[in-house]
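# Report on the structure
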Amino acid sequence: MSRFRGKRKEDYASEGDSEGQAPSKKASKKDSSDESTEDIVVCEISKNRRVTVRNWQGRAVVDIREFYVKDGKQLPGKKGISLTMDQWNVLRDHVEEIEKAVNENS
């Protein structure tokens, strides 16, 4: 008995592919730009940085992120942070302490 459980090339041929090649991959997930319509841009921190509130995996998050332009569209980059509502509340509750530390160090 074989240790491998995957299909052999011969098995693919019986699925309608005359050359015995693996069937083509399924279509990719929906375009991520469809989800951006739900984003609420709260403010632009600078030219390429934004604070947005969006729904991610069914949960609201506060997203502080850099954006880049591709094909005339502004898209979110890798640099940034998404805060859950719990994390956002902790940050919000410490704003005065953060301001005090900033003032002391500037």
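Quick caveat: nothing in here was measured; it's all calculated off a predicted structure. (Residues numbered from 1 in each chain as written. Predicted model: local features only at pLDDT ≥ 70, side-chain atom pairs only at ≥ 80, totals over all residues. Heavy atoms only, no water.)

### Thoughts on the overall build of the chain
Cut-off, in case you're wondering: Strands are runs of DSSP state E lasting at least 2 residues, helices are runs of H or I lasting at least 4, and numbering of each runs from the N terminus. Only heavy atoms enter the contact rule, under which two residues are in contact if any of them lie within 4.5 Å.
Within the chain one finds three helices and four strands. Of the regular secondary structure in the chain, the N- to C-terminal order runs α-β-β-β-β-α-α. Pairs at least 24 residues apart make up 9% of the contacts formed inside the chain by residues separated by at least 6 positions.

### Considerations on a nonpolar patch on the surface
The cut-off we apply is this: In this scheme, patches are assembled from residues that exceed 30% relative accessible area and form no salt bridge. Like charges are connected within 9 Å, while nonpolar side chains (Val, Leu, Ile, Met, Phe, Trp, Tyr) are connected within 5 Å. Each accessible area is a Shrake-Rupley estimate made with a 1.4 Å probe; only the visible protein chains count as cover when residues are assessed. For this document, the term salt bridge refers to a Lys or Arg side-chain nitrogen within 4 Å of an Asp or Glu carboxyl oxygen.
A surface patch of nonpolar side chains, amounting to about 230 Å² of accessible area, comprises Leu91, Ile98 and Val102. By the element assignment, Leu91 lies in helix H2 (residues 85-93).

### Thoughts on unusual backbone geometry
Notably, Gln57 is not glycine yet its phi reads approximately 50°, a positive angle. The residue Asp71 is not glycine, and still its phi comes out positive at about 55°.

### Considering the sheet that holds strand S3 (residues 59-70)
What counts, and what does not: What makes two strands pair is DSSP finding at least two bridges between them. Only the stretch in contact is used when a helix axis is fitted, and all axes are lines through C-alpha atoms; the angle between N-to-C directions ranges over 0 to 180 degrees.
The four strands are arranged S1-S2-S3-S4 in an open sheet whose pairing can be described as antiparallel. The open sheet is flanked by strand S1 (40-46) and strand S4 (73-84), the only strands paired with a single partner. Each neighbouring strand pair of the sheet contributes to a mean axis angle of 35°, computed without reference to strand direction. Sheet topology places strand S2 (residues 49-56) next to S3; eight bridges connect them, and they run antiparallel. In the sheet register, Thr52 faces S3, and the bridge partner there is Asp63. The sheet strands contacting H2 are S3 and S4, and the helix crosses S4 at an angle near 75°.

### Some details on the pattern of salt bridges
Two side chains that carry opposite charge are able to pair once their charged atoms sit near each other. To be explicit about the condition: Each residue is assigned to one of three classes by its accessible area relative to the maximum for its type, calculated with a 1.4 Å probe on protein chains only: buried under 20%, partly exposed between the two thresholds, exposed over 50%.
By the definition in use, this model includes four salt bridges. Where Arg50 meets Glu44, a salt bridge forms, and the shortest distance between an N and an O atom there is 3.3 Å. Judged by its relative accessible area of 47%, Glu44 falls in the partly exposed class. Arg49 serves as the salt-bridge partner of Glu66, at 2.9 Å between the closest nitrogen and oxygen.

### Notes on the environment of Gln87
Here Gln87 is to be found in helix H2. On the basis of relative accessibility, which here comes to 42%, the residue Gln87 falls in the partly exposed class. Measuring from C-alpha to C-alpha, the distance between Gln87 and Val62 comes to 9.1 Å, with 25 residues separating the pair along the chain.

### So, the packing of aromatic side chains
The line we're drawing: Stacked, edge-to-face and tilted labels apply to pairs of Phe, Tyr and Trp rings (six-membered ring for Trp) whose centres lie within 6.5 Å, assigned for plane angles under 30 degrees, over 60, and everything in between, in that order. Definition used: whenever NZ (Lys) or CZ (Arg) falls within 6 Å of the ring centre and also within 35 degrees of the ring normal, the charge is taken to sit over that ring.
Overall, the coordinates contain zero aromatic pairs when judged by the stated rule. Across from the ring centre of Phe67, 4.2 Å away, lies the NZ or CZ of Arg50, which sits over that ring.

### Overview of the confidence of the model for the chain
Stated precisely, the cut-off is as follows: Residue-level confidence of the predictor is summarised by pLDDT, bounded by 0 at the bottom and 100 at the top.
Of all residues in the chain, 65% attain a pLDDT of 70 or more, and the chain-wide mean is 78. Confidence drops under pLDDT 50 across residues 9-19; counting only partners more than four residues distant or on other chains, this segment forms eleven contacts. Considering only residues more than four positions removed or in separate chains, one finds that residues 21-36, a stretch of pLDDT under 50, has seven contacts.

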